[in-house]
Amino acid sequence: MLTTTKEDISIIYEQPFLELVSKARSIHQQNFVDDIELCQLVSVKTGGCPEDCSYCSQSNSNQSEIKVNPLLPLDEVEKVVLEAKTKGVKRVCMGAGYKTPNTSALSRVNEYIGVIKKHGLESCATLGSLTMDQANELKAAGLDYYNHNIDTSPEYYSQVITTRTFQDRVDTLTNVGIAGIKVCCGGILGLGESRADRVSFIHALTCLPTAPDSIPINMLVKVPGTKLANVEDLDKFELVRVIATVRILFPKTRIRLSAGRLELSELEQSMCFMSGANSIFYGEKLLTTDNNHQDSDKNLISKLGINANG
Ligand code: SAM
Ligand code: DTB
Ligand code: SF4
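Quantities reported herein were computed from a predicted structural model and do not represent experimental measurements.

Definitions and cut-offs
Residues numbered from 1 in each chain as written. Chains lettered and ligands numbered in written order. Predicted model: local features only at pLDDT ≥ 70, side-chain atom pairs only at ≥ 80, totals over all residues. Heavy atoms only, no water. Near = heavy atom within 4 Å. Polar contact = N/O pair within 3.5 Å; in protein donor to acceptor, adjacent residues only side chain to side chain. Areas by Shrake-Rupley, 256 points an atom, 1.4 Å probe, with all protein chains shown as cover. 1 Å grid on protein atoms, 1.4 Å probe; cavity = no way out; pocket = protein on both sides within 12 Å on 5 of 7 lines; lining within 4 Å. Sits in = over half its atoms within 2 Å of the grid points. Nonpolar A, V, L, I, M, F, W, Y, C, P; charged D, E, K, R; others polar. Axes fitted to C-alpha atoms, helices over the stretch in contact; angles between N-to-C directions. Helix = DSSP H or I, 4+ residues; strand = E, 2+ residues; numbered from the N terminus. Parallel < 35°, antiparallel > 145°, perpendicular 65-115°, else oblique. Left-handed = near helix turned anticlockwise from the far one by under 90°. Contact = heavy atoms within 4.5 Å.

S.K.: Just to check I follow, could you spell out the site of ligand 1 for this structure?
M.R.: Within the structure, ligand 1 sits among 16 residues, and Thr-126, Asn-149, Asp-151, Arg-169 and Val-221 are positioned closest to it. One of the side-chain nitrogen or oxygen atoms of Asp-151 is found 2.7 Å away from an oxygen atom of ligand 1. In the environment of ligand 1, an oxygen atom lies 2.9 Å from a nitrogen or oxygen atom belonging to the side chain of Arg-169. Expressed as a share of its isolated accessible area of 550 Å², the protein-covered part of ligand 1 is 89%. One can see that ligand 1 is located within the largest cavity. Split into classes, the residues belonging to the shell around ligand 1 amount to nine nonpolar, five polar and two charged.

Below you can see the structure in the form of structure tokens.
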């Protein structure tokens, strides 16, 4: 495969806005029917995380007021799975505030995976870094996707997180890919990064050891008590530019318009769908923050005249 340089990506990214959106839309139409994939998030272990991610409410280094929760009992996860199934969700994504899961946490997650699969849904987990053995164990338990974000450009990374390196993230993604679990990897916009960082972030996505099957694009949710609570707002044209550029470079990959939708109007979200986003988190809660109301999402999907759940 030909490699795409940062310069190539920046030419795509910086073209006139309407041309960029139009190009992305045309590539989208060649590769997808218009639909939206619905994913359900569940925070299986909340808070008390030793990493210092400056955007995150769950970090011990931040002063956010959140409800800390140890690993959920199996029946609580099953309740979420059953509700998700009733509302037409395709995948359940389990999030946990770990640097890396210990042995007993991993065994419990394996049981959660069993429950999700028993009810015929796809499973995804995001638990922090994984060794090869841990990744193999999750694969054996039936895990379909592992979410592990690179978050931002390699150059900006140390401004946002100091307790791990960009390369640590890539190493886990290598293990996930070798284990045969589908890779879900994206990032966050609005961390105070520059446009060059956004281009470099997209470039880093194209260089991952295993091509991602799913790319979440989060817009920072500014949680009080975190270091980034008062960072400047992202220009939403940049969000659309990122989605469109990712669509052009990853024609067949699902792009999830993830955290931050509450700050987007229906028309702003529609621009994101127009530019290639075709997946959302569905349900009123993300991990520790609020998400759009289900009824308003249903309403928007119906206004767009598309089907949910590709
Ligand atoms: N602890 C695990 C890890 O970091 O890999 C998994 C959970 S973590 C909350 C998953 C992802 O959520 C992060 O990589 C980040 O991209 C996203 N995230 C966390 N806090 C966010 C926020 N305030 N706004 C937007 N995205 C956020
Ligand atoms: C991802 O990229 N976004 C999700 C999921 N992966 C785990 C998490 C969003 C978290 C938003 C902030 C919160 O609710 O704490
Ligand atoms: Fe911990 Fe993940 Fe939050 Fe970072 S993003 S503090 S690793 S829960």
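There is more to say, and it comes next.
S.K.: Sorry if this is basic, but what is going on with the packing of helix H10 (residues 266–274) against helix H11 (residues 294–304) here?
M.R.: Between two packed helices, the angle of one axis relative to the other and the distance separating the axes together describe the packing. Running from amino to carboxyl end, H10 crosses H11 at an angle of 60 degrees, the nearest separation of the two axes being 11 Å. By the angle between their directions, the pair H10 and H11 is classed as oblique. Between H10 and H11 lies a crossing whose hand is right-handed. For the pair H10 and H11, the contacting residues are Glu-266, Gln-269, Ser-270 and Phe-273 in the first and Ser-296, Leu-300, Lys-303 and Leu-304 in the second. For the contact of H10 with H11, the per-class residue count stands at three nonpolar, three polar and two charged.

S.K.: Please clarify how the site of ligand 2 should be interpreted in this entry.
M.R.: Close to ligand 2 lie 13 residues; Asn-149, Asn-218, Leu-287, Thr-288 and Thr-289 are nearest. Side-chain polar atom of Thr-288 to an oxygen atom of ligand 2: 2.6 Å apart, as the coordinates give it. Considering ligand 2 on its own, with 410 Å² of exposed area, one finds that the protein chains cover 87% of that surface. The pocket occupied by ligand 2, as judged from atoms lying within 2 Å of grid points, is the largest cavity.

Geometry only, nothing functional implied.
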